[in-house]
Each structure stands twice: as C-alpha cells, then as structure tokens.
Amino acid sequence: AAYEAVAKAPATDRILAEMDLTVSLVLQVLEQDRLLERKVVLGSAIAMRAPYVDALSELQLAALTHVRAGGGDEWRRLLLLTINGLAAGLQNTG
C-alpha cells in the first residue's frame, strides 16, 4: 500500500520477516496453502472490508505523522477516529 514507504522504521523489516515466518509455520501446521483456506465465509468478509481498512490505515498514518510533528487537535481527533474505525471493523469481523 502507499503508506508502506512512510511507515518504514528500523524494526519494520524484522517485524515483516517474523510475520512471514509465522504465517509459513501456521500454514504448515494447518496443512493449507493460504490463510483462511477452510474458512471461506470469514475470508470473504475480511476481503470485502480490506479496501475500507486500507483507507483507514492510510488516514491513520497521515494523522499520526501530523500529530508527531506537532499538529493540532483536528489531527488528534482524526487519529482517534481512525483507531475507533479500525477497532470496530475488527470487532465485527470476529
């Protein structure tokens, strides 16, 4: 996504490598080729929400960047709104 370049931090490569390793091991244990292979309904629900989550993530990163740079209350409010939006989406996904 577009926000990856902005989100690049020293630990990012290590975190992403650990995530790849974890996914690989989970797939081996479950004997599957992809995550949620046997959970079709959940996989579809997550896929349908992905564009909205991606948009919220980009807004969240922009707001966080402005807040860290000393941005005003409007950026803090946007940051909190994106956090609440993402949390609500995760709750409804299961």
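Our subject is the structure listed above.
Reading guide: rules and limits
- Starting afresh in each chain, residues are numbered from 1 along the sequence in its written order.
- Restriction of local features to residues with pLDDT of at least 70 applies here, the model being predicted, together with a cutoff of 80 or more for giving and counting side-chain atom pairs; totals for whole chains, interfaces and linings are based on all residues.
- Based on all heavy atoms of the structure, the side-chain values leave hydrogens and waters out of the count.
- Put simply, DSSP marks the helices as runs of H or I at least four residues long and the strands as runs of E at least two long, and each gets a number from the N terminus on.
- Here's how the labels work: a residue is buried when its accessible area is under 20% of the maximum for its type, exposed when over 50%, partly exposed in between, all with a 1.4 Å probe on protein chains only.
- What a helix is expected to span follows from its residue count: subtract one and scale by 1.5 Å.
- The bend at a residue is defined as the angle formed between two axes, one fitted to the seven residues ending at that residue and one fitted to the seven starting there.
- Here, residues are in contact when the closest pair of their heavy atoms is within 4.5 Å.

Participant: Can you walk me through the overall build of the chain in this structure?
Facilitator: If you tally the helices and strands in the chain, you get 4 helices and 0 strands. Expressed as a percentage of its 94 residues, the buried residues of the chain come to 14%.

Participant: What's the story with helix 2 (residues 12–30) in this structure? I'm lost.
Facilitator: Since there are 3.6 residues in each turn of an α-helix, residues three or four apart along the chain are aligned in direction. The end-to-end C-alpha distance of helix 2 is 27 Å, a good match for the 27 Å that 19 residues give at a rise of 1.5 Å each. Within two residues after helix 2, glutamate 31 carries a phi angle of roughly 55°, on the positive side.

Participant: Any chance you could explain helix 3 (residues 40–68) here in plain terms?
Facilitator: Taking 1.5 Å of rise per residue, 29 residues should cover 42 Å, and helix 3 covers 40 Å from first to last C-alpha, within 8% of that figure. The largest bend along helix 3 reaches roughly 45° and is located at alanine 50, with the proline proline 51 sitting one to four residues downstream. Those residues of helix 3 lying buried are Ala45, Ser57, Leu61, Ala63 and Val67. Positive phi appears at glycine 70, one or two residues downstream of helix 3, with a value of about 95°.

Participant: Looking at this structure, I do not really get the side chain of glutamine 32. What am I missing?
Facilitator: By secondary structure assignment, the location of glutamine 32 is in the loop between helix 2 and helix 3. Once residues within four sequence positions are removed from consideration, glutamine 32 is found in contact with Leu27, Glu37 and Arg38.

Participant: Just to check I follow, could you spell out unusual backbone geometry for this structure?
Facilitator: Peptide bonds are mostly trans, and most non-glycine residues show a negative phi. Positive phi, normally seen in glycine, also occurs at glutamate 31, with a value near 55°. Mapped onto the elements, glutamate 31 comes out in the loop between helix 2 and helix 3. On the basis of relative accessible area, glutamate 31 is assigned to the exposed category, the value being 66%. Although it is not a glycine, leucine 36 adopts a positive phi angle of roughly 60°. Structurally, leucine 36 is set in the loop between helix 2 and helix 3. Given the relative accessible area of 30%, leucine 36 is considered partly exposed.

Honestly, it's all geometry; don't read function into it.
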